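Residues per chain, in single letters:
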Amino acid sequence: MSQTHYGWLDEGCPKKRKASNVNPPHPPSGCTLSSRNIEDEAINFESTLESEQVIDPQFMNDKFMFDCIAKFYLKLYGEFYLPYKVIQEISEGIALICNVTHSRIKTVLTEELRKCNLEEEKINLLRYKLMRSDLLYSSHSKDIPGPSFTSDHLRKKYFEDNFNYKKPTEISLDKNSERTSKKYQYVPVEQTLTSLFEDSTVQRELDKSFQEQPTQINGIASNYTDGDQFKNENHPKKEIHLFLFQDGFNPVMNVLGSAKNKFKNLGVYFTIGNLQPKLRSKITSKHLIQLVRESVLKSVGAAKCFEQLKKDLQKLETNGIMYKGENIKIVVQYSLGDNLGQHYLGGFIESFSGTFFCRFCNIKRKDFKKNPSATNAFRTRSAYNKCVWKSKLTGKHCQGIKHDSTFNNSLKYFHATTHLPPCIAHDLFEGIVSWDLSGIIATFVKLKWFSYDLLNRRIRKFRCLGNDATNKPALVNTKGSKLGGHAVQNWTLLRLLPFIIGDKIKDKTNDAWQLYLQMKQLVEFFCAPKFAITDVPFIRDVLLPQYYERRSRVSLLPSRTLRPKHHFVSHYPDLLLKYGPLIHLWTMPFEQKHKSFKQICRMSRNFKNLEYTLATRHQLNLCYTGTGLLFPEETGEIGVQEINPYSHSGAVSSYLQNINLSAAWKECESIIQDQLHYQINDFLLLSLNGAQIRGGFIRVILTNGSSIDFILETFETQFNPEIGVYELPLDMSGIIEKVSIESLEHPVPHPLNTHKNVQCFSLKYKLLQSND
């Protein structure tokens, strides 16, 4: 959970919990309560505590205190991923400190009470009450009844009883062997969903989705519910959709030699499709289903490894699940993954060098070579089934189909021909952009406009701003046939290339540079979180054919053979209509989950039954996340002060004096909303009007505790077709406007860069035309 607060002190615990079995032990034998009030004879700290106002009344509740201690350990297990041995040593260290401290306090207390001439019986009672009130001491003592955190078993027992911690299930695949290694870790989907449904923020999103789908308005597609595939399936209004994801990864990094792929795993996860796209992109919305070692998968086959998952998904589709007292059906909407994984799951051949290489259509390689932008009609279920039947008879693949998919005909909607969407990260950024942009750069180097050394030196020194800072472009490979970065780094290089090396492009009409601009334009269309249906024919019939035609004229690119991913991208216009915005279906958010498993592996340093370690730590992390809200609406205000129009200059000061704001409104230096950080002088994109984009600098941030408004100085920016970026006007005196944060179509602050002393920005995606 990506929160910076101390989670074990949160009050945001799950609403439904099992009742605690915390009962105070009986007083020591021989002790009886006196009619005199013992507190009258003790030092009264109550007034001091009240004056400091640091103790919450809940701290006087044993259950709350034990939960705080348990959350501390949950954080060690589920967020810091400390080895079990280290956690045990921490527990023993706490116990030792508590024992020494408690012993000292009892000694001093006994001496002071004896000076007050109290009877030994009362002194013993006070000492006992002290022992019981120190819950940190009692929870780390083996001699005091009640909850204990002295061992791994007892800690996890407390998590199970109070925090809904569920262990992963180990499923054996070889029933005939007493000591089998053919097994995998499995987390039932229904079990995870039941826990998630207790979260109020998940309930909020589900309730909203039941009222809003489908959402296509005025020919604008903004989610998978706007795609033809979803609409043609006639889903009921109240239904919960799952997106599955499967991918192979190696949790053990930097492994060499024969052990390189020894620990390679197939991870299967899911997310709830009903969530908003921005929430589906968060790692906290991704949940583990199973981990199976690839050697086991190859040995027993997909059908056996996915058998339990298929049964559970069929049960959820048939019987549904209780949500707020109502039975709601759960269906698998799409399965996501890279091309290799999608072909494996769909029963297609996993080699992309043969005659039939596309899962979307049955085009032959020779036809693709003749016309790169050509596509055949999408595969149909009936044609797929005929190929499966022929493949069974001949023992060979038929039009690229080897066998039936494990999930075909067993799930209500799913079929391999319709429910395996593409991933733009693999097709675009690790495919076409990586290969073709590398060739374009090689062309410039051959023309001696610049060298690889100069380009890489500029990349090193280039200052990436805002969200680009975390994905700075990688250095360009001088010998390879592709770029050196991962998907998002390649995306960043594509966008920022004019700022990095644009001044060295001597001829802006050169085919290689024009090809770069066309590639950039295509990526902006394909990566849009919303798009106009009317743009699709323009992409399919104009942009893509132009791109392939110009590509054939760039000197260093014809030698770089067209790859299957070039053909996959040719399907993208039609796939946009079929699935909605493809950026919402890419695999990058899921692949972030692999990083957490690699971190667990690195931190735990335990390679014995590695899948069990990974799955257990994942469940502990889910348990820790469940002690708070999954999608908290957090607002952080920095530098809050009274509004003072005279502290601002010029038009901003005049505007503040003329607007009517109540005393509840304050101004602040910066603010965090929905994990987005806004600061004074950040630049926001507002709307697209023809060839101009209206944007504005934040000059004042206003808040009244529940609402956030920005005072913006807005400008009309002009598109520069020579370098494919938008330029701000040289005259930086704009129009002052007040804009609420809820009305922003593009809420992420956009970084600005400089080209020839002019402030500019390069789009990540195509903006929709304004209706104004």
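Residue numbers restart at each chain and count upward from 1, following the sequence in its written direction. Restriction of local features to residues with pLDDT of at least 70 applies here, the model being predicted, together with a cutoff of 80 or more for giving and counting side-chain atom pairs; totals for whole chains, interfaces and linings are based on all residues. Here the side-chain values reflect all heavy atoms present in the structure, with hydrogen atoms and water set aside.

**Description of the overall build of the protein**
Helix and strand assignments follow DSSP, with helices taken as H or I runs no shorter than four residues and strands as E runs no shorter than two, numbered in order from the N terminus. Along the backbone of the protein there are 26 helices and 21 strands. Using a 1.4 Å probe on the protein chains alone, a residue whose accessible area is under 20% of its type maximum counts as buried, one over 50% counts as exposed, and one in between counts as partly exposed. Here the protein holds 772 residues, and the buried ones make up 52% of them. Any two residues having at least one pair of non-hydrogen atoms within 4.5 Å are treated as being in contact. Partitioning the contacts of the protein with sequence separation of at least 6, the portion at a separation of at least 24 is 70%. Working note: accessible area of the protein is about 36,400 Å², and carbon and sulfur atoms make up 51% of it. Residue burial considers only the protein chains on display, and all accessible areas are found by Shrake-Rupley using a 1.4 Å probe.

**Some points on unusual backbone geometry**
The phi dihedral of Tyr81 falls on the positive side, at around 55°, and the residue is not glycine. By the secondary structure assignment, Tyr81 is in the loop between α2 (62-78) and α3 (84-115). At Lys756, a residue that is not glycine, the phi angle is positive and equals roughly 55°. The topology assignment puts Lys756 in the loop between β20 (753-755) and β21 (758-761).

**A closer look at the side chain of Ser405**
Within the fold, Ser405 resides in the loop between α16 (381-394) and α17 (424-446). Given a relative accessible area of 4%, Ser405 falls into the buried group. Apart from the residues within four sequence positions on either side, Ser405 is in contact with Leu345, Gly346, Tyr384, Phe414 and Ala416.

**Some remarks on the sheet that holds strand β13 (residues 670-673)**
Criterion used throughout: strands pair if DSSP finds at least two bridges between them. Spatial strand order, β11-β13-β14: 3 strands in an open sheet with antiparallel pairing. In this open sheet, the two strands that pair with only one neighbour each are β11 (635-638) and β14 (676-679). In this sheet, adjacent strand axes meet at a mean angle of 15° when their direction is disregarded. The pairing of β11 with β13 spans 4 bridges and is antiparallel. Note that in β13 the partner of Ile638 across the bridge is Ser670. Working convention: axes come from line fits to C-alpha atoms, limited for helices to the stretch in contact. Angles between N-to-C directions cover 0 to 180 degrees.

**Here's the deal with the packing of α2 against helix α25 (residues 610-625)**
Look at α2 against α25: their axes get within 8 Å of each other, and the N-to-C directions meet at 140°. The angle between α2 and α25 places the two elements in the oblique class. α2 and α25 meet at a crossing whose hand is left-handed. Residues Lys71, Leu74, Lys75, Leu76, Tyr77 and Gly78 of α2 lie in contact with α25, whose contacting residues are Arg617, Leu620, Asn621, Cys623 and Tyr624. Here the residues of the contact of α2 with α25 are counted per class, giving 6 nonpolar, 2 polar and 3 charged. In these notes the angle categories are as follows: under 35 degrees is roughly parallel, over 145 is roughly antiparallel, 65 to 115 is roughly perpendicular, and the rest is oblique. Each crossing is labelled by how the near helix is turned from the far one, with a counterclockwise turn of less than a right angle marking it left-handed and a clockwise turn marking it right-handed. Polar here means any residue outside two lists: the nonpolar Ala, Val, Leu, Ile, Met, Phe, Trp, Tyr, Cys and Pro, and the charged Asp, Glu, Lys and Arg; Gly therefore counts as polar.

**Quick look at the nonpolar core**
Here, nonpolar core means buried Ala, Val, Leu, Ile, Met, Phe, Trp, Tyr and Cys residues that are tied together by side-chain atoms lying within 4.5 Å of each other. Counting residues in each nonpolar core, the largest one holds 97 residues, and the members touching the most others are Phe429, Leu437, Ile440, Phe450, Leu455 and Trp586. With 11 residues, the single largest contributor to this core is α17. The residues contacting Ile440, other than those within four sequence positions of it, are Ala512, Leu515, Tyr516, Met519 and Leu557.

**Side note on the packing of aromatic side chains**
Put simply, two rings from Phe, Tyr or Trp (the six-membered ring, in Trp's case) pair if the centres are within 6.5 Å, and we call them stacked under 30 degrees between planes, edge-to-face over 60, tilted for the rest. Counted by the stated rule, this structure contains 40 aromatic pairs. Centre to centre, the rings of Phe243 and Tyr334 are 5.9 Å apart; their planes meet at 50°, and the pair counts as tilted. Pair noted here: Phe243 is in strand β4 (residues 240-249) and Tyr334 is in strand β9 (residues 330-336), with a separation of 91 residues, a long-range link. Judged by relative accessible area, which is 1%, Phe243 ranks as buried. For Tyr334, a relative accessible area of 0% corresponds to the buried category. Arranged with centres 5.7 Å apart and planes meeting at 40°, the rings of Phe683 and Phe761 form a pair that is tilted. Of the two residues, Phe683 sits in strand β15 (residues 683-689) while Phe761 sits in strand β21, which places them 78 residues apart along the sequence.

**What about empty space enclosed by the protein?**
Here a cavity denotes a set of grid points, spaced 1 Å apart and computed over the protein atoms alone, in which a 1.4 Å probe fits but from which it cannot get out, and a pocket denotes an open set meeting protein on both sides within 12 Å along at least five of seven lines; residues with an atom within 4 Å of a point are reported as lining. Grid points are joined across faces, edges and corners, and a volume is the space filled by probe spheres set on the points. Within this structure, the stated rule accounts for 4 cavities of 30 Å³ or more. Taken as a whole, the largest cavity encloses approximately 50 Å³ of empty space. Lining the largest cavity are Leu428, Ile432, Met519, Leu522, Val523, Phe526, Leu544, Tyr547 and Val569. Mapped onto the lining of the largest cavity, the elements with two or more residues apiece are α17, α20 (511-526) and α21 (536-551). Broken down by class, the residue content of the lining of the largest cavity amounts to 9 nonpolar, no polar and no charged.

**Concerning α25**
An expected span of 1.5 Å times one less than the residue number is assigned to each helix. When the terminal C-alpha atoms of α25 are compared, their 23 Å separation across 16 residues agrees well with the 22 Å that a helix rising 1.5 Å per residue should span. Burial analysis of α25 places 15 of its 16 residues in the buried class, which makes it a mostly covered element.

**A few points about the pattern of salt bridges**
If charged atoms from side chains of opposite charge come close, those side chains can pair. Within this document, salt bridges are pairs made up of a side-chain nitrogen of Lys or Arg and a carboxyl oxygen of Asp or Glu, the two lying within 4 Å of each other. One pass over the full model with this rule turns up 33 salt bridges. Taking the shortest distance from any N to any O, the salt bridge between Asp511 and Arg553 comes out at 3.1 Å. Highlighted residues: Asp511 in helix α20 and Arg553 in the loop between α21 and α22 (564-570), separated in sequence by 42 residues. A salt bridge links Glu745 to Lys530; the nearest nitrogen and oxygen atoms lie 3.2 Å apart. Of the two residues, Glu745 is situated in the loop between β19 (735-740) and β20 and Lys530 in the loop between α20 and β10 (531-532); the sequence distance between them amounts to 215 residues. Classification of Lys530 as partly exposed rests on a relative accessible area of 34%.

**Some remarks on the state of the cysteines**
Two cysteine sulfurs form what is called a disulfide whenever their separation falls within 2.5 Å. Using the criterion set out here, one finds 0 disulfides in the structure. Here Cys361 stays free of any disulfide, with the sulfur of Cys358 as its closest cysteine sulfur at 4.0 Å.

**Let's talk about the confidence of the model for the protein**
Per-residue confidence from the prediction method is given by pLDDT, with values spanning 0 to 100. When pLDDT is averaged across the protein, the result is 88; 90% of the residues are at 70 or more. Predicted confidence in the protein is weakest over helix α1 (residues 46-52), with a mean pLDDT of 36, and strongest over helix α23 (residues 572-579), with 98. Segment residues 1-59 is flagged for pLDDT under 50; beyond a separation of four residues in sequence, or across chains, it makes 75 contacts in the model.

**Some thoughts on the sheet that holds β9**
Here we have 6 strands laid out as an open sheet, ordered β1-β2-β6-β5-β4-β9, and mixed in their pairing. Both edges of this open sheet fall to β1 (169-172) and β9, since each of them pairs with a single strand only. Each adjacent strand pair in this sheet contributes to an overall mean axis angle of 20°, direction not counted. Taken together, the 8 bridges between β4 and strand β5 (residues 265-272) define a ladder with antiparallel strand orientation. Opposite Asp247, over in β5, you have Gly267 as the bridge partner. The sheet contacts of helix α24 (residues 588-604) involve β4, β5, β6 (287-293) and β9, and relative to β4 the element is tilted by about 55°.

**Some details on the environment of Ser647**
Within the secondary structure layout, Ser647 lies in the loop between β11 and α26 (650-658). Classification of Ser647 by relative accessible area gives partly exposed; the value is 48%. Within the structure, the side chain of Ser647 is placed 2.7 Å from the backbone oxygen of Asn644, a separation counted as a polar contact. Polar contacts here mean pairs of N or O atoms no more than 3.5 Å apart (in protein, one a potential hydrogen donor and the other a potential acceptor; neighbouring residues in sequence count only if both atoms are side-chain atoms).

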